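Summary of structural features
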Amino acid sequence: RGRRPGRTSMMRRQRGGPAVRVRSGGCCLCASLALVALATLSPLWLFQMPSEPGKRGIAAGAVLGTSPWAVSTSSLPWRCFEGAIGCFVERGGGSFSDLNDTLCTEPFYSQLGHHGFCKGELNGSMQLPPPIVEARVFIGFSMLLFVVGGLLAICGPTVGGSCAVKAAAIVGFSGCGCVIASVVSAMRFEWYVELRSDNGSVLPFATSVDSCSGGPCLVLEPAQSMKLGIGFWAMCGAALVSLLTATCLCALSRHTFAPDETLPPAEEFDWSKEYCRSSESTVCSEYDCEKEASERSPMLPKEQSKWF
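About the cut-offs
- Every chain begins its residue count from 1, and numbering advances along the sequence as written.
- pLDDT decides what is reported in this predicted model: residues at 70 or higher carry local features, side-chain atom pairs at 80 or more are listed and counted, and totals for whole chains, interfaces and linings draw on all residues regardless.
- Based on all heavy atoms of the structure, the side-chain values leave hydrogens and waters out of the count.
- Secondary structure elements are taken from DSSP: a helix is a run of H or I of four residues or more, a strand is a run of E of two residues or more, and numbering for both begins at the N terminus.
- Each residue is placed in one exposure class: buried if its accessible area under a 1.4 Å probe, protein chains only, is under 20% of its type's maximum, exposed if it is over 50%, and partly exposed if it falls in between.
- Contact criterion: two residues are considered in contact whenever any of their non-hydrogen atoms come within 4.5 Å of each other.
- Nonpolar cores are built from buried Ala, Val, Leu, Ile, Met, Phe, Trp, Tyr and Cys residues. Side-chain atoms within 4.5 Å join them into one set.
- For the purposes of this analysis, a disulfide is any pair of cysteine sulfur atoms at a distance within 2.5 Å.
- One confidence number per residue, pLDDT, is output by the predictor and ranges from 0 to 100.
- The pairing criterion for strands is at least two bridges between them, as found by DSSP.

The next subject is the environment of Ala 239. Its location among the elements puts Ala 239 in helix α7 (residues 230–252). By relative accessible area, which is 12% here, Ala 239 ends up buried. With 61 residues separating them in the primary sequence, Ala 239 and Cys 178 have C-alpha atoms 8.7 Å apart. Every residue in contact with Ala 239, bar those within four places of it in the chain, is listed here: Cys 176, Val 179 and Ile 180.

Structure follows, in structure tokens:
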């Protein structure tokens, strides 16, 4: 009782409008932003569970990993080596800033420092490896682009129309490209390539001993055949979602948007005609049908036969 005939079909048309789909695309770009943020916070772009728990003091079940933001991480604390007293590696991620010039001296240089961690040759000064710098820059750009693209897609149909939607699509493609570039920059890093190989490399961990070149002493833990972790797959998900979203926005940009397309013009919905098409109409002529429709509508003045 009191339900207006034709309202269901009208609501379907409203919910399925291009403007609503564009705004949904904006939400998808925000989801891509969330995935990139997850990858940034995750220290596990590559991870490994040691095949020999207890070796060098590592606790059984400890997960070791690395990412462009954390040079190394351990899920559990462990001793620097088996039987060590007063020297241990704390649980959690180690930042690249924990590394110091000790990495550029032997035996650390030949095992790890030569992978771009040192300026110049042996006995140089520690630096952030160029591939890691590139990956961080591209990640930062991708997050910024997803924010801008999401705002353009959400507000565009009302404020800028099809031009704003086209801009959102272009920004979405750009963000996707930055995500892919960041992953490529990280995965082509020679150190990461060795960590994933059967020969392997080493992970540097800062210890509790703070007396090496003005910073913490380091212990190098062997690692090999490391697997791709949650951070890597989150970036892949962000690239896929943003690519599909930008493609859809590009297709929707051909549509001409009204000032607010979620509220279609009243002329598109003639309530009396919707009523006459329904089974509730008991008269045959169009005039009598519209008259009966206006009489049976308690929510509109009798002289009105239109929505809004």
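We now examine the nonpolar core. Counting residues in each nonpolar core, the largest one holds 52 residues, and the members touching the most others are Phe 117, Trp 191 and Tyr 192. Every element with two or more residues in this core is listed here: α2 (18–41), α3 (108–111), α4 (130–159), α5 (161–187), α6 (190–196), β9 (201–206), β10 (218–223) and α7. In terms of residue count, the dominant contributor to this core is α5 (eight residues). Excluding anything up to four places from it in sequence, Trp 191 contacts Thr 66, Val 71, Leu 112, His 115, Phe 117, Ser 201, Val 202, Leu 203 and Pro 204.

Moving on, we come to unusual backbone geometry. With an omega of 5°, the peptide bond between Glu 106 and Pro 107 qualifies as cis. Relative to the helices and strands, Pro 107 resides in the loop between β6 (92–94) and α3. Even without glycine at this site, Ser 225 takes up a positive phi of about 50°. With respect to the helices and strands, Ser 225 occurs in the loop between β10 and β11 (227–228).

Two cysteines form a disulfide when their sulfur atoms are joined by a covalent bond. Per the counting criterion, the structure on display carries one disulfide. Here Cys 104 pairs with Cys 118 through a disulfide, and the sulfurs are 2.0 Å apart. With the S-S bond torsion at -110°, the cross-link from Cys 104 to Cys 118 turns out left-handed. With Cys 104 in the loop between β6 and α3 and Cys 118 in strand β7 (residues 118–119), the pair connects residues that are 14 residues apart, well separated along the chain. As far as the burial class goes, Cys 104 and Cys 118 line up, both buried. Not engaged in a disulfide, the cysteine Cys 248 finds its nearest cysteine sulfur in Cys 28; these two sulfurs lie 8.1 Å apart. Looking at Cys 248, the relative accessible area reads 48%, which means it is partly exposed.

Taken as a whole, the chain shows an average pLDDT of 76; of its residues, 67% reach a score of 70 or greater. Across the chain, the secondary-structure element scoring lowest on mean pLDDT is helix α1 (residues 7–15), at 46, and the one scoring highest is α7, at 93. Counted against residues more than four places away or in other chains, residues 260–269, with its pLDDT under 50, gives 20 contacts. pLDDT under 50 marks residues 298–308. Its contacts with residues more than four places away, or in other chains, come to 22 contacts.

We now examine the pairing of β9. Burial analysis of β9 places five of its six residues in the buried class, the great majority of the element. The pairing of β9 with β10 spans six bridges and is antiparallel. Counterpart to Phe 205 in the pairing with β10 is Val 219.

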